[in-house]
Amino acid sequence: MFVGSVIIRTCRRKGCDMKRRDLLKNIILFIPVSGAFRATIQAAQANSDLNGYHPENHYYGMGIEVAKCIGCGKCIEACKIENNVPREPFFFRTWVERYIIKKDSSVAVESIHTGGKQPKETIEEKDILRSFFVPKTCNQCANPPCVQVCPVGATFSTDDGVVLVDRDRCIGCRYCIQACPFGARYLHPQTRTADKCTFCYHRVVKGLLPACVEVCPTQARIFGDLRSRASELVRFQRMNKIHVLKPYLNTEPKVYYSGLDGVVN
Amino acid sequence: MNQELTEKLTDLLSQVTGYIYPNEIEIHWSILIVVYPYVTGVVAGAFILASLVKVFNVEEVRPTYRLSLLTALSFLLVAPLPLNLHLGHPERAYEIFLTPNLRSAMAMFGFVYAWYLMGVLLLEIWFEYRGDLVVWSREKQFPMKWIYRLLSLFSNDISKRALEFDHKAAKAITIIGIPSAFLLHGYVGFIFGSVKANPWWSSVLMPIVFLMSAIVSGIALIIFLYMVITPIRGETIDMRCLDRLASFLFYAVIVDFSLEALDFVHRLYESEESVKILATLINQKLFMSLLIIQVLLGMIIPSAMLVAGRAWRLSEELRKLLYFTACILIQVGIFSTRWNVVIGGQLFSKSLRGLTTYKMEVIGSEGLMMALALLVLPFVILTILVKLIPPWKEASRQTS
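Since the model is a prediction, treat every value here as computed from it, not as a measurement. Residue numbers here run from 1 along each chain, matching the order of that chain's written sequence. Labels follow written order: the first chain is A, the first ligand is 1, and so on. Thresholds applied to this predicted model are a pLDDT of at least 70 for local features of residues and 80 or more for the giving and counting of side-chain atom pairs; totals over whole chains, interfaces and linings are not thresholded and use all residues.

Some thoughts on the overall build of chain A
Only DSSP runs of H or I with at least four residues qualify as helices, and only runs of E with at least two residues qualify as strands; both kinds are numbered from the N terminus onward. On a plain count of helices and strands, chain A comes out with eight helices and eleven strands. Within chain A, buried positions represent 35% of all 265 residues. Residues are scored as being in contact if the C-beta atoms we place from backbone atoms lie within 7 Å. At a minimum sequence separation of 6, the contacts of chain A that also span at least 24 residues come to 60%. Counts of 20 or more other C-beta atoms within 10 Å of a residue's own C-beta define buried residues, counts of 12 or fewer define exposed ones, and intermediate counts define partly exposed ones; C-beta atoms are placed from the backbone.

With respect to the sheet that holds strand β2 (residues 94–102) of chain A
Backbone-to-backbone hydrogen bonds join strands into a sheet, with any given pair of strands oriented parallel or antiparallel. Residues and elements named next belong to chain A. Two strands are said to pair when DSSP picks up at least two bridges between them. The strand order across the open sheet built from three strands is β3-β2-β4, with neighbouring strands paired in antiparallel fashion. Each edge of the sheet is formed by a strand with only one pairing partner; in this case those strands are β3 (107–111) and β4 (128–137). Strand-to-strand twist in this sheet, taken as the mean axis angle between neighbours without regard to direction, amounts to 20 degrees. Of the strand pairs in this sheet, β2 and β3 are connected by five bridges, and their pairing is antiparallel. Bridge pairing in β3 links Glu97 to Ser111. Fitted lines through C-alpha atoms give the axes, limited to the stretch in contact for helices. The angle between two N-to-C directions lies from 0 to 180 degrees. Here helix α3 (residues 74–83) sits on the sheet in contact with β2 and β4, set at roughly 160 degrees to β2.

Things to note about the interface of chain A and chain B
With 42 residues of chain A at the interface, the matching set in chain B holds 41 residues. Looking at the side of chain A that touches chain B, the elements with two or more residues in it are β3, α4 (145–149), α5 (175–179) and β7 (186–187) of chain A. The element contributing the most residues to the side of chain A that touches chain B is α5(A), with four residues. Residues are sorted three ways: Asp, Glu, Lys and Arg are charged, Ala, Val, Leu, Ile, Met, Phe, Trp, Tyr, Cys and Pro are nonpolar, and all the rest, Gly among them, are polar. A breakdown of the residues in the side of chain A that touches chain B according to their chemical character gives 24 nonpolar, eleven polar and seven charged.

Section: the sheet that holds strand β1 (residues 60–65) of chain A
Residue and element names in this part refer to chain A. Strand order across the open sheet formed by four strands is β9-β1-β11-β10, with mixed pairing between neighbours. The sheet terminates laterally at β9 (221–225) and β10 (242–243), the two strands that pair on one side only. Here two bridges tie β10 to strand β11 (residues 255–258), and the two strands are oriented antiparallel to one another. When the sheet's bridge partners are listed, Ile242 is paired in β11 with Ser258. Of the strands in this sheet, β1, β9, β10 and β11 touch helix α8 (residues 232–239), which is tilted by about 115 degrees from β9.

Notes on the environment of B:Ser213
Residues and elements named next belong to chain B. Take Ser213: it is sitting in helix α9 (residues 206–232). A count of 33 C-beta atoms within 10 Å places Ser213 in the buried class. For Ser213 and Pro391, which are 178 residues apart along the polypeptide, the C-alpha to C-alpha distance reads 26 Å. Every residue in contact with Ser213, bar those within four places of it in the chain, is listed here: Gly41, Asp256, Ile334 and Thr337.

Regarding the packing of helix α3 (residues 65–78) of chain B against helix α6 (residues 109–139) of chain B
Residues and elements named next belong to chain B. Closest axis-to-axis distance for the α3/α6 pair is 11 Å, and the angle between their directions is 145 degrees. Here α3 runs over α6; the crossing is left-handed. On α6, the residues touching Arg66, Leu69, Ala72, Leu73 and Leu76 of α3 are Tyr116, Leu117, Leu121, Glu124, Ile125 and Glu128. Here the residues of the contact of α3 with α6 sort into eight nonpolar, no polar and three charged. Throughout, a crossing is termed right-handed when the near helix is turned clockwise from the far one, and left-handed when it is turned anticlockwise from it by less than a right angle.

Looking at the confidence of the model for chain B
Detailed conclusions should not be drawn from predicted coordinates in areas where pLDDT is low. Residues at a pLDDT of 70 or more form 98% of chain B, whose mean pLDDT is 93. Mean pLDDT across the elements of chain B ranges from a minimum in helix α15 (residues 395–399) of chain B, with 57, to a maximum in helix α14 (residues 368–388) of chain B, with 97. Known as pLDDT, the predictor's per-residue confidence is scaled from 0 to 100.

Side note on unusual backbone geometry
Between B:Phe142 and the following residue, B:Pro143, the backbone shows a cis peptide bond with an omega angle of 5 degrees. Here B:Pro143 shows up in the loop between α6 and α7 (144–151). Even without being glycine, A:Phe199 reaches a positive phi, approximately 60 degrees. Residue A:Phe199 is classed as buried on the basis of its 28 C-beta neighbours within 10 Å.

Some remarks on the nonpolar core
Generally speaking, a soluble globular protein has its nonpolar side chains buried in company with each other. All names here are of chain B. Of all hydrophobic cores here, the largest spans 173 residues; its most connected members are Val43, Val216, Ile219, Ile222, Ile223 and Leu249. No other element matches the 18 residues that helix α2 (residues 31–54) contributes to this core. Those residues in contact with Val43 that sit more than four places away from it in its chain are Ala72, Phe75, Leu76, Ala79 and Leu184. To count as a nonpolar core, a set of buried Ala, Val, Leu, Ile, Met, Phe, Trp, Tyr and Cys residues must be joined through C-beta atoms within 7 Å.

Some words on the environment of B:Tyr148
One can find B:Tyr148 in helix α7. Setting aside residues up to four positions removed in sequence, B:Tyr148 forms contacts with B:Leu133, B:Trp136, B:Ser137 and B:Lys140.

Laid out in structure tokens, this is it:
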């Protein structure tokens, strides 16, 4: 009321004849109108940032055709360059595992490109039953435990189905790293915040493919929109028998594998 | 990138056995996160011991009532420090209060902690000491006079009626405090027990096991402090009190041990896909800390000592020696329990195919020295509190 009477006094001094009732009426009108105006500006800003991209119209996933992966590691390289992932072999947004199933049904696994310093098991060729590569990345789960546990809401699911980390909000408690069943997260040594695959969100919103998909020479990785029946990913799902990693944990992964062996976890 | 970190991780890489996911080489929750549940455990345990006097009228243990409350407060004040020091961005810690994710167990920390500190512990201590603070503010000279006046929040009434009200209020707060203490430490157990990605942690028993081990560590610490402080004050130890405390400690150890054994047998019997890697974990990484320190030195031997003291009607001196040794062993055992949960749970890969190693830093914000400092700090705070508001002089009772 004090502010109101000051304004009215000023008005009177200037010769305007606004009454107390009019002033109140104007204030009451001003609040919702300014709110709506602000919301419109914010929405316009958001739209201009995304160049007319509407997240709610998309829902992304990735397909991986295990048989096509040749373990060249181009995807790892491209990801590191595209996303400023530290070059050292302890930080990966995506990696490739080599599985060797031996005739005695034991399994040897290694991550290719971890710097070659991990002692490697030498396996005689005659002992090998079969061998294959499995590319791994964040599964962009529909029911993500990492999002559930983040105490400050720094990691979140977008409308278009990607799990992201807000590095300006992350406090670096690392609970999300503990909660991820797939080992897809790491603490970025420079930012001291959690980091993980974003499906190259900055590219995807511009209609480009994630870097790992773009460079894969055998097209073992398929990226697409699950909301579009015409997308390559939906076709991949239609044409293949699909499996996801650790389905029993009910995280509902959106990285779909075809031809995945039962030993892979 | 930080050269030191690269060297450390390269060194660790050579010690990996089997296959681990490439991001799993670094252990993320360090010794400080071992200190945290240990410290909050002592808080909950000491408070529950105090409640025995206030709510359940166990008069024998009254000599330790105020000491228990002050111990709980000293440890509670330290509890957030290891968490904060461990954060990648400690300066953003306040976000947990401002924008908590209500679906996150960890986000509840701020609220549970604030409630326990402000709503329970400080309030109970204030009501318990208010009469004394008024008396001291009248007896002492400047500046202590004013400190006591401030601590009593300038209250001045020590009539019989007012003191009775204090007593009733403290009792009511203790009744609320018991579930709150359960919440405080059960919640810490839930933080671990609810991580479905980690088979070593994921167990519905985890909060209960945490709670029981908290009670064990709390009672053991109070016995230790009582036995150290009383001779220093030139007083004699009240054996009735000590025997009673020792029996409570024994019961708590038995329940704790049974629950942990149940958890262990259950895992073994169910024999899920993780059983092989967990067996390897125990054999290769946790043999010393789990089987020798936690189970043998931390549970079996001390409980035998506690029983022996009573069963064979040993002399007072011998009983004291047994109780004292048992309490120290139990503290080491409970710290080891926390270690085995926190560090043990990160030593195996979620691929269930391999193990990594934890190399503790000595110096540094997440190193051994810092952990030791954080374990000593509650005792420093306790010394100050004991000097400021001595737990054994009930001044208002003597005057009224």
